[in-house]
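What follows is each chain in one-letter form.
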Amino acid sequence: MRHDVTEALTRTFFQEWARTGYSGLSLERVARSAGVGKAALYRRWPEKAVMASDLLSRVGLTITDVGEQGSLEADLRAVLFAIRRVLRHPLVKRIITDLHAEIERTPALERAIRPFQRARRERVDALIDRAIERGEVAPSIDRETAADLIAAPLYWRLAVLGGRSDRAHIERLARMLTSALRAGQ
């Protein structure tokens, strides 16, 4: 398959999603706007939920893959900067809130997205594993709550409230999250 066609379809898919919302997204319109035939799109993705899942996993799985930074606070700071970078993107801001609303209404999208969300959660688990190995948090930490806590404040500020997050905010948030994760043992 031609890489340039796949890239055009990918770019157009996200532009259309941001413009119309998932429920208004038409794969035929995506193909037409990308300047390719419907067959080129359907060879790659047989349906909208499959296309959404595949494309989101391609762009989203690496956002929290920051690697070892030396401490829990440094790991959290790196993850928060990575999340902030993604949530500041104009298309992402429009798509992410629509995605979370739509997965409740569209079972096919929910089934397609949940594995991607689990994989992203596993990356956060790796961050927690490193903190446990360094003795920064107890092995008994509530991983589910910790993972929720790491992304939620920044997501809420940027995606829901439409607020800002500068470097100082990320630094404060990393310190506060570090304290919370240590206390939540």
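For the structure, check the block above.
All values reported here derive from a predicted model rather than from experimental measurement.

Whenever I open this one, the overall build of the protein chain confuses me. Can you help?
When helices and strands are tallied, the protein chain shows nine helices and zero strands. Listed by position from the N terminus, the elements making up the protein chain come as α-α-α-α-α-α-α-α-α. For the protein chain, the spread of C-alpha atoms along the three principal axes comes to 55 × 30 × 30 Å. Per-residue burial over the protein chain gives 44% buried out of 185 residues.

When you look at the pattern of salt bridges in this model, what are you seeing that I'm missing?
Pairing between side chains of opposite charge can happen when the charged atoms of each approach one another. Under the criterion given, the structure shown has 17 salt bridges. Note that D129 is salt-bridged to R143, the shortest N-O span being 2.4 Å. In this pair, D129 sits in helix α7 (residues 107-133) while R143 sits in helix α8 (residues 143-160), placing the two residues 14 residues apart along the sequence. On the basis of relative accessibility, which here comes to 27%, the residue R143 falls in the partly exposed class. Within this structure, E68, D75, R130, R134, E136 and R182 form a network of salt bridges that share partners.

Teacher, can you tell me more about the nonpolar core here?
Generally speaking, a soluble globular protein has its nonpolar side chains buried in company with each other. Counting residues in each nonpolar core, the largest one holds 30 residues, and the members touching the most others are L9, F13, F14, W17, L41 and M51. Of all the elements in the fold, those that place two or more residues in this core are α1 (3-20), α2 (27-34), α3 (38-44), α4 (48-60), α6 (90-105) and α7. Top element by residues in this core is α1. It accounts for seven residues.

Would you explain the packing of aromatic side chains in this entry?
Note on aromatic pairs: each is described by the distance of the centres and the angle between the planes. One pass over the full model with this rule turns up four aromatic pairs. Note on F13 and W17: the rings are 5.7 Å apart at their centroids and 75 degrees apart in plane angle, and the pair reads as edge-to-face. One end of the pair, F13, and the other, W17, are both in helix α1, four residues apart, so they sit about a helical turn from each other. Owing to a relative accessible area of 0%, F13 belongs among the buried residues under this scheme. Owing to a relative accessible area of 1%, W17 belongs among the buried residues under this scheme. Ring centres of F14 and W17 lie 6.5 Å apart, and the angle between their planes is 10 degrees; on these two criteria the pair is classed as stacked. Taken together, the residues span about one helical turn, with F14 and W17 both in helix α1 at a distance of three residues. The residues F14 and W17 share a single accessibility class, namely buried.

Looking at this model, I keep getting lost on α8. Mind explaining?
Helical geometry note: an α-helix holds 3.6 residues per turn, so side chains three or four residues apart project in the same direction. Its 18 residues place the ends of α8 24 Å apart at the C-alpha level, agreeing with the 26 Å of an ideal helix rising 1.5 Å per residue. By the burial criterion, the buried members of α8 are A146, A147, I150, L154, L158 and A159. Among the structural elements, α5 (72-87), α6, α7 and α9 (167-183) are those in contact with the buried residues of α8. The backbone nitrogen of E144 has a side-chain oxygen 3.2 Å away, supplied by the residue at the start of α8, namely D142. Just downstream of α8 lies G162, where phi reads positive at about 70 degrees.

Just to check I follow, could you spell out α7 for this structure?
With 27 residues, α7 should reach 39 Å at 1.5 Å per residue; the first-to-last C-alpha distance of 38 Å fits that figure. Residue I113 marks the point of greatest curvature in α7, where the axis turns by about 30 degrees; the proline P115 follows within four residues. Where α7 is concerned, the buried positions are L109, A112, I113, F116, Q117, V124, L127, I128, R130, A131 and I132. Looking one or two places after α7, you find G135, whose phi comes out positive at around 80 degrees.

Looking at this structure, how should I read the packing of α1 against α6?
Angle between the axes and distance between the axes are the two parameters that describe a pair of packed helices. Remark: α1 packs on α6, axes separated minimally by 8 Å, with the N-to-C direction vectors making an angle of 65 degrees. On the basis of their axis angle, the class for α1 and α6 is roughly perpendicular. In this structure, the crossing between α1 and α6 has a hand that is left-handed. Every residue of α6 that contacts α1 at F14, Q15, W17 and A18 is listed here: L91, R94, I95, D98 and L99. For the contact of α1 with α6, the residue count by class is six nonpolar, one polar and two charged.

Quick notes on the rules
- Residues numbered from 1 in each chain as written.
- Predicted model: local features only at pLDDT ≥ 70, side-chain atom pairs only at ≥ 80, totals over all residues.
- Heavy atoms only, no water.
- Helix = DSSP H or I, 4+ residues; strand = E, 2+ residues; numbered from the N terminus.
- Buried < 20%, exposed > 50% of the residue type's maximum accessible area, 1.4 Å probe, protein only.
- Salt bridge = Lys/Arg side-chain N within 4 Å of Asp/Glu carboxyl O.
- Core = buried A, V, L, I, M, F, W, Y, C linked by side-chain atoms within 4.5 Å.
- Phe/Tyr/Trp six-rings, centres within 6.5 Å; stacked < 30°, edge-to-face > 60°.
- Expected span 1.5 Å × (residues − 1).
- Contact = heavy atoms within 4.5 Å.
- Polar contact = N/O pair within 3.5 Å; in protein donor to acceptor, adjacent residues only side chain to side chain.
- Bend = angle between axes of the 7 residues up to and from the residue.
- Axes fitted to C-alpha atoms, helices over the stretch in contact; angles between N-to-C directions.
- Parallel < 35°, antiparallel > 145°, perpendicular 65-115°, else oblique.
- Left-handed = near helix turned anticlockwise from the far one by under 90°.
- Nonpolar A, V, L, I, M, F, W, Y, C, P; charged D, E, K, R; others polar.

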